[in-house]
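An overview of the molecular structure
Chain by chain, the residues run as shown.
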Amino acid sequence: MGNIAADPSHPRYQSLLLRHRLEQAEKQGMLAGSAMIAHGRGEAFDYLLGEQTINSARVATNHALAALRGAKRPVLSLNGNVAALAGRETLLLAEMLQCPVEINIFYRTPQRMKALLEHLGKIKLDEGIDVTILGAAPNARIPGLEGPRAKCTKEGILESDVIFVPLEDGDRCEALVAMGKTVIVVDLNPLSRSAKMASITIVDELTRVMENMLAMMSSPIEDLASNSYDNEAVLDEALHHVATKFTQTSNEA
Ligand code: ATP
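Keep in mind it's a predicted model, so treat the numbers as computed, not measured.

Each value, and the rule that gives it
Residues numbered from 1 in each chain as written. Predicted model: local features only at pLDDT ≥ 70, side-chain atom pairs only at ≥ 80, totals over all residues. Heavy atoms only, no water. 1 Å grid on protein atoms, 1.4 Å probe; cavity = no way out; pocket = protein on both sides within 12 Å on 5 of 7 lines; lining within 4 Å. Points joined across faces, edges and corners; volume = space filled by probe spheres on them. Nonpolar A, V, L, I, M, F, W, Y, C, P; charged D, E, K, R; others polar. Near = heavy atom within 4 Å. Polar contact = N/O pair within 3.5 Å; in protein donor to acceptor, adjacent residues only side chain to side chain. Areas by Shrake-Rupley, 256 points an atom, 1.4 Å probe, with all protein chains shown as cover. Sits in = over half its atoms within 2 Å of the grid points. Helix = DSSP H or I, 4+ residues; strand = E, 2+ residues; numbered from the N terminus. Pairing = 2+ DSSP bridges.

Right, let's talk about empty space enclosed by the protein for a bit. Overall, the coordinates contain one cavity of 30 Å³ or more when judged by the stated rule. Its volume calculated, the largest cavity comes out at about 40 Å³. Taken together, Ser77, Leu78, Asn79, Asn104, Val165, Pro166, Glu168 and Arg172 form the lining of the largest cavity. For the lining of the largest cavity, the per-class residue count stands at three nonpolar, three polar and two charged.

Encoded structure:
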């Protein structure tokens, strides 16, 4: 696997590269036991989407970025998969937005937190990125959630007005929306609870989203009327895209 992931000419290079990043992260103790399952579910949906950024995802990404750029207190939240797949890009985006990132993991253990802090701290140092990383010392709770997954920081997630939480689970997404925040998720499954609950859902693969966002950051802020954004339509378009692809494929057969 290591060799294949290092060969860009392999037709599945990108997919193998992401798997390899997760394997490495697993060895470093950054991931929960279910991380690979979550990734596999994402891969299946990405296959159906044609492993591309579809038009509605680009629209959602544009609105997400406009919301983050217009926020008073934006925050980018990372779990283990996000840190492993796109830790560098998330830190770079936070630096551009001049906002903190917060490590916020579903299955919180001191060992995982330590591994994640070390991983992100190394990227920060290697790349000279100036960003505050929150989450090591939670001092607040997300109302409506039980147990360790409710933990967060006051200066990060709790007091944020716009929160970017890629690959979030449905429950926590719902709790964040209930707090009145603009919640932006990235989820390849347009039918997931998070996708349906979020204010803005980007139905696209995380690493593509981060690349798109970083590229869009160098363009002037677009004047997007927030009332023109319709998340349900974005989800419908993703489902329609998959269904149309199926119809085309079966007609061709
Ligand atoms: P929900 O509670 O929202 O219904 P779930 O239980 O279906 O979520 P989880 O296991 O919490 O899903 O999280 C995995 C989700 O993240 C899946 O919907 C999957 O499609 C998506 N996903 C996994 N990897 C990626 C990725 N790299 N980019 C975008 N989405 C991804």
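There is more to say, and it comes next.
Looking at the ligand, there are 18 residues lining it, with Gly170, Asp187, Ser194, Glu205 and Leu206 nearest. Within the backbone of Gly170, one N or O atom sits 3.0 Å away from an oxygen atom of the ligand. In the model, an oxygen atom of the ligand is placed 2.5 Å from a nitrogen or oxygen of the Ser194 side chain. Notes on the ligand: free accessible area 640 Å², of which the protein chains cover 84%. Of all the cavities here, the one that holds the ligand is the largest pocket. Those elements giving two or more residues to the shell around the ligand turn out to be α3 (35-49) and α9 (193-197).

Right, let's talk about the sheet that holds strand β1 (residues 74-78) for a bit. A sheet is described by the order of its strands in space; here six strands give the open sequence β3-β2-β1-β6-β7-β8, paired in parallel fashion. Of all strands in the sheet, those with a lone pairing partner are β3 (133-134) and β8 (200-202), marking the two edges. With three bridges connecting them, strand β7 (residues 182-186) and β8 associate as parallel partners. Note that in β8 the partner of Val185 across the bridge is Thr201.

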